[in-house]
2 protein chains.
Amino acid sequence: MSDKNQDYSVGNLLENVPLVRSDGDEVFETLISKEGVKIERIISNGQSSPPDFWYDQDQEEWVFVLQGSATLEMKNTDDSSRLIDLVAGSYVQIPAHQKHRVAKTDTTQQTIWLALFF
Amino acid sequence: MSDKNQDYSVGNLLENVPLVRSDGDEVFETLISKEGVKIERIISNGQSSPPDFWYDQDQEEWVFVLQGSATLEMKNTDDSSRLIDLVAGSYVQIPAHQKHRVAKTDTTQQTIWLALFF
């Protein structure tokens, strides 16, 4: 995905996309991890979070969909939840400890995410 | 570009793209600025950096092209430079104080960048 040139690295997030199976795991690749900041590319192929599984993260997350589509489920404080549909270009800023799960991802094409944790 | 829902915000980087003129400035919009991290959307319409103008930033930058194309010029330590062509999906990690300039941006469509400073 990237090559290292002098002190800077260059790559393309839409290239060298690994094939993943819908019955396998999503693919997480770390692009940068330093000074409390992490940038990941995530490849989904129809996966979703298990029922009743909720992410509860110590860091704030900013997540962006480059390709494909997905639905996030955000837990409300009263224990209800809200679905957020994401398409190419969509982003969501998720505060630390905002419980969320991936309700679904596109089953007709790979979904490519860029996730930033800080 | 975004709406605020409870504690999280949602938007689409490919929507509500402001029109900019090639004889005007690029448009910089801050999506997040906190805890030493800044995320910007930048819209270019054929602009480039002035001749002999070099960015020299205190923060590391990770920049990504969502749409359009551009060429960055990176200054080498021996004062020569290297051109890096970017298309949709391309990213470059630019260390702090790596001198660089925008040699050109697409003149046939708007270029939409996502820039992360940390």
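Given the structure is predicted, the values throughout are model-derived calculations rather than measurements.

Caption draft 1: Fine view of the overall build of chain A. When helices and strands are tallied, chain A shows 0 helices and 10 strands. From first element to last, N terminus to C terminus, chain A shows the α and β order β-β-β-β-β-β-β-β-β-β. Taking 2.2 N^0.38 as the reference for a compact globule, 118 residues should give roughly 13 Å; the C-alpha atoms of chain A span a radius of gyration of 15 Å, in line with that estimate. Counting only C-alpha atoms and orienting by the principal axes, one finds that chain A spans roughly 50 × 35 × 25 Å. Counting contacts in chain A only where the partners sit at least 6 residues apart, residues at least 24 apart contribute 66% of the total. Of the accessible surface of chain A, which amounts to about 5700 Å², a share of 45% is contributed by carbon and sulfur atoms. Computed over 10 positive and 19 negative side-chain charges, the separation of the two mean positions in chain A equals 1 Å.

Caption draft 2: Structural view of the relation of the copies chain A and chain B. Turning chain A through 180° and shifting it by 0.0 Å along the axis lays it on chain B, with an RMSD of 0.0 Å. This pairing of chains is accounted for by a two-fold axis. The C-alpha atom lying nearest the rotation axis in chain A is that of Leu66(A); the distance is 3.9 Å. Both copies contact each other with a shared surface, as 100% of the interface residues of chain A are interface residues in chain B too.

Caption draft 3: Region of interest: the sheet that holds strand 9 (residues 100-105) of chain A. Residues and elements named next belong to chain A. Read across the sheet, 3 strands follow the order 7-6-9 without closing on themselves; strand pairing throughout is antiparallel. The open sheet has two free edges, formed respectively by strand 7 (81-86) and strand 9, since each of these has just one partner strand. Each adjacent strand pair in this sheet contributes to an overall mean axis angle of 25°, direction not counted. Relative to strand 7, strand 6 (residues 70-75) runs antiparallel, the two being bridged by 6 bridges. Within the sheet, the bridge partner assigned to Ala70 lies in strand 7 and is Leu86.

Caption draft 4: Representation of the interface of chain A and chain B within the structure. Each partner contributes residues to the interface: chain A has 39 residues there, and chain B has 39 residues. Connecting chain A to chain B are 2 salt bridges. Linking chain A with chain B are 12 residue pairs in polar contact (both at pLDDT 80 or more). Across the side of chain A that touches chain B, the residue classes break down as 22 nonpolar, 11 polar and 6 charged.

Caption draft 5: Here's a closer look at the layout of surface pockets. All names here are of chain B. In this structure, the largest pocket spans a volume of roughly 240 Å³. Together, 17 residues line the largest pocket, and Phe28, Ile42, Tyr55, Gln57 and Glu61 are the ones closest to its centre. Those elements that place two or more of their residues in the lining of the largest pocket are strand 4 (37-44), strand 5 (61-67), strand 9 (100-105) and strand 10 (111-117). A per-element tally of the lining of the largest pocket places strand 4 first, with 4 residues. Looking at side-chain class alone, the lining of the largest pocket contains 9 nonpolar, 4 polar and 4 charged residues. Within this model, the second largest pocket holds a volume of roughly 190 Å³.

Caption draft 6: Structural detail: the pattern of salt bridges. Residues and elements named next belong to chain A. Within the structure shown, the criterion is met by 10 salt bridges over all chains. For Lys75, the salt bridge goes to Asp79, with nearest N and O atoms at 3.5 Å. Judged by its relative accessible area of 56%, Asp79 falls in the exposed class.

Caption draft 7: Highlighting the sheet that holds strand 6 (residues 70-75) of chain B. Residues and elements named next belong to chain B. Read from one edge to the other, the open sheet built from 3 strands follows the order 7-6-9, with strand pairing classed as antiparallel. Of all the strands in the sheet, just strand 7 (81-86) and strand 9 have a single pairing partner and so form its edges. Direction aside, the axes of adjacent strands within the sheet are offset by 25° on average. Where strand 6 lies against strand 9, 5 bridges are found, and the strand directions are antiparallel. Paired with Met74 across the strands is His100, a residue of strand 9.

Caption draft 8: Representation of the nonpolar core within the structure. Formed by 30 residues in total, the largest nonpolar core has its most connected members in Trp62(A), Phe64(A), Leu114(A), Trp62(B), Phe64(B) and Leu114(B). Those elements that place two or more of their residues in this core are strand 3 (27-34), strand 4 (37-44), strand 5 (61-67) and strand 10 (111-117) of chain A together with strand 3 (27-34), strand 4, strand 5 and strand 10 of chain B. Apart from residues lying up to four places away in sequence, Trp62(A) is in contact with Tyr91(A), Val92(A), Gln93(A), Leu114(A), Ala115(A), Leu116(A), Phe118(A), Leu13(B), Leu31(B), Ile32(B), Ile39(B) and Leu114(B).

Criteria and thresholds
Residues numbered from 1 in each chain as written. Chains lettered and ligands numbered in written order. Predicted model: local features only at pLDDT ≥ 70, side-chain atom pairs only at ≥ 80, totals over all residues. Heavy atoms only, no water. Helix = DSSP H or I, 4+ residues; strand = E, 2+ residues; numbered from the N terminus. Rg over C-alpha atoms; globule rule 2.2 N^0.38 Å. Contact = heavy atoms within 4.5 Å. Areas by Shrake-Rupley, 256 points an atom, 1.4 Å probe, with all protein chains shown as cover. Lys, Arg positive; Asp, Glu negative; His and termini not counted. Charge placed at Lys NZ, Arg CZ, Asp CG, Glu CD. Least-squares fit on C-alpha atoms with pLDDT ≥ 70 in both. Pairing = 2+ DSSP bridges. Axes fitted to C-alpha atoms, helices over the stretch in contact; angles between N-to-C directions. Salt bridge = Lys/Arg side-chain N within 4 Å of Asp/Glu carboxyl O. Polar contact = N/O pair within 3.5 Å; in protein donor to acceptor, adjacent residues only side chain to side chain. Nonpolar A, V, L, I, M, F, W, Y, C, P; charged D, E, K, R; others polar. 1 Å grid on protein atoms, 1.4 Å probe; cavity = no way out; pocket = protein on both sides within 12 Å on 5 of 7 lines; lining within 4 Å. Points joined across faces, edges and corners; volume = space filled by probe spheres on them. Buried < 20%, exposed > 50% of the residue type's maximum accessible area, 1.4 Å probe, protein only. Core = buried A, V, L, I, M, F, W, Y, C linked by side-chain atoms within 4.5 Å.

Honestly, it's all geometry; don't read function into it.
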